[in-house]
Amino acid sequence: MSANAEPKKTETPSPPATVPPPADAPPIDVAARPPLLLRARVATGKAVVTLFARARAAQETAVKKSIDWIAAADTSLAKSLVAGEKLLLAKLRLTPE
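Residues numbered from 1 in each chain as written. Predicted model: local features only at pLDDT ≥ 70, side-chain atom pairs only at ≥ 80, totals over all residues. Heavy atoms only, no water.

1. Let's talk about the overall build of the chain
- Helices and strands together make up the secondary structure of the chain, namely 1 helix and 0 strands.
- Split into buried and exposed, the 97 residues of the chain put 0% on the buried side.
- When the accessible surface of the chain is split by element, carbon and sulfur atoms take 65% of a total near 9900 Å². (Helix = DSSP H or I, 4+ residues; strand = E, 2+ residues; numbered from the N terminus. Buried < 20%, exposed > 50% of the residue type's maximum accessible area, 1.4 Å probe, protein only. Areas by Shrake-Rupley, 256 points an atom, 1.4 Å probe, with all protein chains shown as cover.)

Written as structure tokens, this is what we have:
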């Protein structure tokens with residue numbers, strides 16, 4: 001060690017500063033607020049309900065799109081069958097009964 005080296009100073013951590021409430025502020029009623037765990041459960045419950053509502057809405061949309069697609073395919077298939085039947089009858093030169 002050199003002669004000019006200063007010994008390391010250890011800093012003691014200062015306690016956290018607490019701010020007292022103003023004298024004219026109304027006192028906080030601790031009993032009026034639900035406990036933190038209960039508030040967390042309520043918030044979590046709301047989040048879960050929202051999540052399930054979104055999932056149901058997405059499922060409903062998917063089902064509606066599927067039904068619309070099936071209906072369109074059915075209509076197209078029915079038109080194709082009618083056209084095919086008419087073509088076959090024309091080739092056979094038969095008249096429908």
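2. A short note on the pattern of salt bridges
- Taken as a whole and assessed by the stated rule, the structure comprises 1 salt bridge.
- Where K64 meets E60, a salt bridge forms, and the shortest distance between an N and an O atom there is 3.3 Å. Placement of the pair is K64 and E60 together in helix α1 (residues 36-92), with a separation of 4 residues, close to one helical turn. (Salt bridge = Lys/Arg side-chain N within 4 Å of Asp/Glu carboxyl O.)

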